[in-house]
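Observations on chain architecture
Here's the letter readout for the chains.
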Amino acid sequence: MNVLRKMTAFSIVVLLAGCTPKARPAIESAAESAPVSIAVFIPGAVSGSPIYAMLADGVKRAVDEYPAASAQVVEGGYNQAEWEAKLTSLAASGNYDLIVSSNPSLPALAEAVHSKFPSQLFMLLDGELSGNPSIYTLRYNQREQSYMAGYLAALLVEEAGGGRIGLIAGQEYPVMLNTILPGYREGAAAVNSGIDVDFRVVGNWYDAAKCAELAAGMIRAGARALLCVAGGANEGAVQAAAEAGDVRIIWFDTNGYAVRPPYIAGSCVLFQDKAAYNKIKLFLNGQLPFGKAEVAGVRDGYVDFIEDDPIYITEVSENVREKQHEMLARLRSGELNLQN
Ligand code: RBF
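The model shown is predicted, which means the values in this text are computed figures rather than measured ones.

A word on the packing of aromatic side chains
Under the defined criterion, the tally for this structure stands at 6 aromatic pairs. Arranged with centres 4.8 Å apart and planes meeting at 50°, the rings of tyrosine 78 and tyrosine 206 form a pair that is tilted. Of the two residues, tyrosine 78 sits in the loop between strand E3 (69-75) and helix H2 (83-93) while tyrosine 206 sits in the loop between strand E8 (197-201) and helix H6 (208-220), which places them 128 residues apart along the sequence. For the pair tyrosine 78 and tyrosine 206, a shared accessibility class is recorded, and that class is buried. Ring geometry for phenylalanine 283 and phenylalanine 290: centres 6.2 Å apart, planes at 85°, overall edge-to-face. We classify phenylalanine 290 as partly exposed; its relative accessible area is 23%. An aromatic cluster is present here, built from Tyr257, Phe305 and Tyr312 joined pairwise through their rings. One residue, arginine 61, lies across the ring of tyrosine 277, its end atom 4.2 Å from the ring centre. Its guanidinium or amino end placed over the ring of tyrosine 302, lysine 274 lies 4.8 Å from that ring's centre, counting from NZ or CZ.

This is the structure:
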């Protein structure tokens, strides 16, 4: 974590400040009269990390419905050692009614900032903390998300006549080691209990060249399907798969089929844009349950696998799609219960 390159200065990107007149709000609320200001703190960069792009988009959509509300996107950059100071200066400015952010390391940072600025409110997605009356969190059921990836990876390998599957992570963090990697193994084992999982770590969320090197090594060691959870570095794995020709990538967080057809064979998505939109609207209506830690999964409509994309339909065999669909139907109906 501390070897991360200092890439971005504390760049403030004003993407959302309203330059155009806002539409009338869909819902009458106090936010119509009292100005409400929101900071969206991106722990990294928007570019290359759809999970952050979805966060910014969802907040923007909600704010656009309220004439008195505005939001500003602040990129924190890749040097994680600087995030707490940057969050502290946002809180110290006194300019923001709410600081919104996303990733599992944020709750601890927000608590530290909260101890110095107790009136600052936080809404943190993809993180978990309960009991602090100034902090609301929502995390996703990533056991479900990664199980779907592992299941497909094993089906693809089976169809290819055998081989290993791989997972490339940006860095090692508790959710990766305790939920995503085990969920991926669990999904794969449901297809083939003897399958080998090769797990490798880039060490940051931007180095595509390093990711390409890791992916090429995994392919040489027999991997035929790779799940990539490495932000902007993912493109390196896509490149390695394209060079190999017979290797497929499974995309995480957003629909990635169009990134490089036909190499992306699955998309296990989080609807973080919808979560940000719905929760910001609750906040603007005075109804966000601060102090609570919520969890959202497939049956709540926040996690899913994209099956209706034309690229998936044309590039993945009917046999694999049918088997994947059977598993998804069990997950969606609740018959397959992957509590997390
Ligand atoms: N995911 C990204 O896509 N891009 C990032 O820059 C990024 N940075 C992260 C930094 C930390 C400290 C942690 C714990 C996770 C990060 N993630 C990042 C992973 C993200 O929270 C999530 O687990 C993955 O996007 C899978 O849903």
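Comments concerning the domain arrangement of the protein
Partitioning the protein into structural domains gives domain 1 (4-140 + 272-300) and domain 2 (142-269 + 307-333). Centre-to-centre separation of domain 1 and domain 2, based on C-alpha positions: 29 Å. Between domain 1 and domain 2, the contact holds 16 residues from the first and 16 residues from the second. At the junction of domain 1 and domain 2, the tally comes to 0 salt bridges. The element best represented in the side of domain 1 that touches domain 2 is helix H1 (residues 50-63), accounting for 3 residues. Within the side of domain 1 that touches domain 2, the residues separate by chemical class into 9 nonpolar, 4 polar and 3 charged.

The rules we used
- Residues numbered from 1 in each chain as written.
- Predicted model: local features only at pLDDT ≥ 70, side-chain atom pairs only at ≥ 80, totals over all residues.
- Heavy atoms only, no water.
- Phe/Tyr/Trp six-rings, centres within 6.5 Å; stacked < 30°, edge-to-face > 60°.
- Helix = DSSP H or I, 4+ residues; strand = E, 2+ residues; numbered from the N terminus.
- Buried < 20%, exposed > 50% of the residue type's maximum accessible area, 1.4 Å probe, protein only.
- Lys NZ or Arg CZ within 6 Å of the ring centre and 35° of its normal.
- Domains from an automatic or database assignment.
- Contact = heavy atoms within 4.5 Å.
- Salt bridge = Lys/Arg side-chain N within 4 Å of Asp/Glu carboxyl O.
- Nonpolar A, V, L, I, M, F, W, Y, C, P; charged D, E, K, R; others polar.

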